[in-house]
Amino acid sequence: MQFTQEHEELRRTVRNFVDKELNPHVREWEDAGRFPIHEVFKKMGDLGLLGVTKPEEFGGMGLDYSYGMVMSEEMGRVHCGGVPLAVGVQTDMATPAIARFGSDELRRNYLAPAIAGDMVASIAVSEPHAGSDVAAVKTTAVKDGDDYVINGTKIWTTYAHYANKMFALVRTNRDGKPQQGITFLLLDMDLPGITIEPIVGLDEVSEQCQVFFDNVRVPQKNRVGAENDGWTVAKYLLTFERGGQEYAPGLNVMLEKIRLMAEKQQTAFGPLTQDPVWQHKFAALEADVLALEFTEMRIKSALSAGKDPGALSSMSKILGTELLQNVTELRIETLGSQSVIWQPQALVPGQEQPVIGPEYALTPMPHYLNSRACSIYGGSNEVQRGIIAKAVLGL
């Protein structure tokens, strides 16, 4: 993959945005337990950063996925993990599916606003009883005139309480194979009959939500792809969720933070960075992250050539999420007993509670707890191994 002057110009633009508009405010957002997603998206949309690889006719830059890699690398430097996550939902899940399967009208009404930053998307696939079994969805959409009427519930819907649009997988037919009777719909989050209940995680952050649909009417023209062919859209969307994002840039930032913390952690023999056991663990993770980085480059090369990432996306998802868990574990080990002091009150704006221990020890435990779920979301890693066994090994 060759990087040109145009790549570096984009890199400077994104880096400048991260350094001026995002990272200076991270502590403020962490204190509040949320970040101003609509304001951030609008600023990114004004710079064209939400449509780097999207069609020019809808406001995108129309560049190939090597530019998307530059974008992801620089967004990986954001010190607040929620920002790249929300951006990834928009750029790596919602908009690729609309661009590929949406009608011209849907592209005008949804893709263009998403690229401009006026739309904040959420993806509603999982259901309480279904887990990673996408084909087991029971939320129904029944035709009534020109509309579908939706009833049911979705869960683990990332940032649904911030979103103004939703990409929902619904059941439109119960006959035949389960995969043959599901459909994707785009809908507005302010429609009558939608109830959103944020879920407070172990890290005390409301990142996920459960969404209830009670006779919610959605125009049939908001269907993405053909009716009962949502399985095709779902596979495409999930492939981009797993392989369209990069884990390595963010992991490199986390490793650097761990190294700096280790320099401050004193042992009987000096800084923790001098400890050979710690050095071995840190070096092993660095090597694994480097290997992941090359795998992610292979995926972007395939995308740039007009190919789908295929089974590589499952490999990337397994490696990236399990490395994220391992890195957060090393962060806890590096801090030792300081990391187990649970003091969420210190993160509440206006509380003025004294911090016990160093301030950099406040968030590692919440981040560790949050990362326990990453090997489950987007299709559990067990499912990904099954995909690899079938697609690559022919088992």
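So, a few notes on the structure that sits alongside this text. Remember, predicted model here, so these are calculated numbers, not experimental data. (Residues numbered from 1 in each chain as written. Predicted model: local features only at pLDDT ≥ 70, side-chain atom pairs only at ≥ 80, totals over all residues. Heavy atoms only, no water.)

Observations regarding the nonpolar core
Of all hydrophobic cores here, the largest spans 45 residues; its most connected members are L22, M44, M75, V83, I150, M166 and L187. What V83 contacts, discounting residues up to four positions off in sequence, is L22, W29, F35, M75 and V78. If you look at the next biggest cluster of nonpolar residues, it comprises 27 residues, including L106, L111, M119 and V224. (Core = buried A, V, L, I, M, F, W, Y, C linked by side-chain atoms within 4.5 Å. Buried < 20%, exposed > 50% of the residue type's maximum accessible area, 1.4 Å probe, protein only. Contact = heavy atoms within 4.5 Å.)

Re the side chain of S371
The topology assignment puts S371 in helix α11 (residues 364-371). Take S371: its relative accessible area is 3%, and that puts it in the buried class. With near-sequence residues (within four places) excluded, S371 lies in contact with L324, Q325 and T328. (Helix = DSSP H or I, 4+ residues; strand = E, 2+ residues; numbered from the N terminus.)

Overview of the environment of M189
Within the element layout of this structure, M189 appears in the loop between β5 (182-188) and β6 (194-199). Taking the C-alpha atoms as reference points, M189 and F167, separated by 22 residues in sequence, lie 10.0 Å from one another. Apart from the residues lying within four places of it in its own chain, the contact partners of M189 are S122, A160, A163, N164, K165, M166, I194 and I196.

Points about the packing of aromatic side chains
Within this structure, the stated rule accounts for 3 aromatic pairs. Residues F167 and F184 carry aromatic rings whose centres are separated by 4.7 Å and whose planes lie at 85° to one another, so their mutual orientation is edge-to-face. Here F167 is found in strand β4 (residues 165-171), whereas its partner F184 is found in strand β5, with 17 residues between them in sequence. The two residues F167 and F184 agree in class, both being buried. The aromatic ring of Y368 is capped on one face by R372, whose charged end is 4.0 Å from the ring centroid. (Phe/Tyr/Trp six-rings, centres within 6.5 Å; stacked < 30°, edge-to-face > 60°. Lys NZ or Arg CZ within 6 Å of the ring centre and 35° of its normal.)

Some words on the environment of E293
Of note, E293 is situated in helix α9 (residues 276-304). Among all residues touching E293, those that are not within four sequence positions of it are A248 and N252.

Focus on the packing of helix α3 (residues 37-46) against helix α5 (residues 82-101)
At their nearest, the axes of α3 and α5 sit 11 Å apart, and the two run at 55° to each other. When the axis of α3 is compared with that of α5, the two are oblique. Regarding α3 and α5, the two cross each other, and that crossing is right-handed. Facing α3, whose interface residues are I37, F41 and M44, α5 presents A86, V87 and Q90. For the contact of α3 with α5, a count of residues per class yields 5 nonpolar, 1 polar and no charged. (Axes fitted to C-alpha atoms, helices over the stretch in contact; angles between N-to-C directions. Parallel < 35°, antiparallel > 145°, perpendicular 65-115°, else oblique. Left-handed = near helix turned anticlockwise from the far one by under 90°. Nonpolar A, V, L, I, M, F, W, Y, C, P; charged D, E, K, R; others polar.)

Concerning a nonpolar patch on the surface
A surface patch of nonpolar side chains, about 340 Å² in accessible area, is lined by V392, L393 and L395. Inspection of the secondary structure puts L393 in the segment after α12 (381-391). Taking the relative accessible area as the measure of exposure, L393 reaches 56% and is therefore exposed. (Patch = residues over 30% accessible without salt bridge, like charges linked within 9 Å, V, L, I, M, F, W, Y side chains within 5 Å. Areas by Shrake-Rupley, 256 points an atom, 1.4 Å probe, with all protein chains shown as cover. Salt bridge = Lys/Arg side-chain N within 4 Å of Asp/Glu carboxyl O.)

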